[in-house]
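Here are the chains, one letter per residue:
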Amino acid sequence: MSVQSPEAVAGSPRPTAAIRADLEANPGSALEDVAARTGTTPAEVLAALPEGEALCLPGSLFVEVMDEIAGWGEITLVMNTGDVILEAKGELPKGSEGRGFLNLHGKPIGGHLRIDACRTVAFVTRHLFGTPTRSVQFYSVTGACMFKVYLGRGPERQLIPAQVAAFEAAAARFAERRP
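Residues numbered from 1 in each chain as written. Predicted model: local features only at pLDDT ≥ 70, side-chain atom pairs only at ≥ 80, totals over all residues. Heavy atoms only, no water.

Draft legend 1. Examining the sheet that holds strand β3 (residues 85–91) more closely. In space, the six strands of this open sheet follow the order β1-β7-β8-β9-β2-β3, with antiparallel pairing throughout. Unpaired on one side and paired on the other, β1 (54–58) and β3 mark the two borders of the sheet. Between one strand and the next, the sheet's axes are offset by a mean angle of 20 degrees, whatever the strand orientation. Relative to β3, strand β2 (residues 74–80) is paired through seven bridges, and the arrangement is antiparallel. (Pairing = 2+ DSSP bridges. Helix = DSSP H or I, 4+ residues; strand = E, 2+ residues; numbered from the N terminus. Axes fitted to C-alpha atoms, helices over the stretch in contact; angles between N-to-C directions.)

Draft legend 2. Spotlight on unusual backbone geometry. Cis geometry marks the peptide bond from K107 to P108; its omega dihedral reads 5 degrees. Considering the arrangement of structural elements, one finds P108 in the loop between β5 (101–104) and β6 (111–114). For R99, which is not glycine, the phi dihedral falls at a positive 55 degrees. One non-glycine residue with positive phi stands out, namely R157, at about 70 degrees. Within the element layout of this structure, R157 appears in the loop between β9 (145–150) and α6 (161–176).

Draft legend 3. Representation of the confidence of the model for the protein chain within the structure. Confidence in the prediction for the protein chain averages 91 pLDDT; 92% of positions are at 70 or higher. Helix α1 (residues 6–10) is the least confidently modelled element of the protein chain, averaging 38 in pLDDT, while helix α5 (residues 62–69) averages 98, the highest of any element. Note on residues 1–12: pLDDT is under 50 here. Beyond four places in sequence and across chains, it has 36 contacts. (pLDDT = per-residue confidence, 0-100. Contact = heavy atoms within 4.5 Å.)

Draft legend 4. Local environment of the packing of α5 against α6. It is at 11 Å that the axes of α5 and α6 come closest, and there the two elements cross at 160 degrees. With respect to α6, the element α5 is oriented roughly antiparallel. In this structure, α5 crosses over α6, and the sense of that crossing is right-handed. Contact residues: α5 offers E64, V65 and E68, while α6 offers A170, R173 and F174. For the contact of α5 with α6, a count of residues per class yields three nonpolar, no polar and three charged. (Parallel < 35°, antiparallel > 145°, perpendicular 65-115°, else oblique. Left-handed = near helix turned anticlockwise from the far one by under 90°. Nonpolar A, V, L, I, M, F, W, Y, C, P; charged D, E, K, R; others polar.)

Draft legend 5. Representation of the sheet that holds β5. Pairing is antiparallel in the open sheet, where three strands are placed in the order β4-β5-β6. What marks the edges here is a single partner per strand, and that holds for β4 (96–98) and β6. Sheet twist, expressed as the average angle between the axes of neighbouring strands with direction ignored, equals 30 degrees. Alignment of β4 against β5, held across three bridges, turns out to be antiparallel. Opposite S96, over in β5, you have N103 as the bridge partner. This element, α5, spans β4, β5 and β6 of the sheet and lies at about 15 degrees to β5.

Draft legend 6. Expanded view of the packing of aromatic side chains. Across all of its chains, the model carries six aromatic pairs by this definition. Ring centres of F62 and F138 lie 5.4 Å apart, and the angle between their planes is 90 degrees; on these two criteria the pair is classed as edge-to-face. Residue F62 is found in helix α5, and its partner F138 is found in strand β8 (residues 131–140); the two are separated by 76 residues along the sequence. Classification of F138 by relative accessible area gives buried; the value is 0%. Connected via pairs of aromatic rings, a cluster forms that spans W72, F123, F167 and F174. (Phe/Tyr/Trp six-rings, centres within 6.5 Å; stacked < 30°, edge-to-face > 60°. Buried < 20%, exposed > 50% of the residue type's maximum accessible area, 1.4 Å probe, protein only.)

Draft legend 7. Up close: the layout of surface pockets. The volume enclosed by the largest pocket comes to roughly 580 Å³. Surrounding the largest pocket, 29 residues form its lining, T76, V78, E87, L128 and Y150 being those nearest its centre. Here the residues of the lining of the largest pocket sort into eleven nonpolar, eight polar and ten charged. In this structure, the second largest pocket encloses a volume near 210 Å³. What lines the second largest pocket is a set of 13 residues, among which L77, M79, I109, G110 and L113 lie closest to the centre. (1 Å grid on protein atoms, 1.4 Å probe; cavity = no way out; pocket = protein on both sides within 12 Å on 5 of 7 lines; lining within 4 Å. Points joined across faces, edges and corners; volume = space filled by probe spheres on them.)

Structure follows, in structure tokens:
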């Protein structure tokens, strides 16, 4: 997987150096925590991740990626505002488009997501607090993370192999369509 140039997001190499230093000092930190410590946005941190950790795609793929995830089984949806980290475990429902939103009518995961607010969709493979993870992350036009979808885990806390395979296959397919 490849990451778009940090300068394309950050605007200059200076924030990138601070981000990389923080990532080295605090490996496995949440991207939001790195952003807070470095005075940057989570999207800038995403763009500065080491090679192979993130595949950044245009937000125009938002609905298609969400439709893809809807077939993966139980996932964990995470929203991290810095002060609150909310998690919902369940199957992501297939959405329907209306009035500029992707509408999710499911339990426990439901809601209304503004489609054009998504600038970047990222397939992310990294360790978080020492645990291997796979997630699909959605970033807004402001550089904030809208939400993340983490792959599910089995009874021994291992990633579910079928979901890892679906994640890797989807990332490869969507990467072929990058501009």
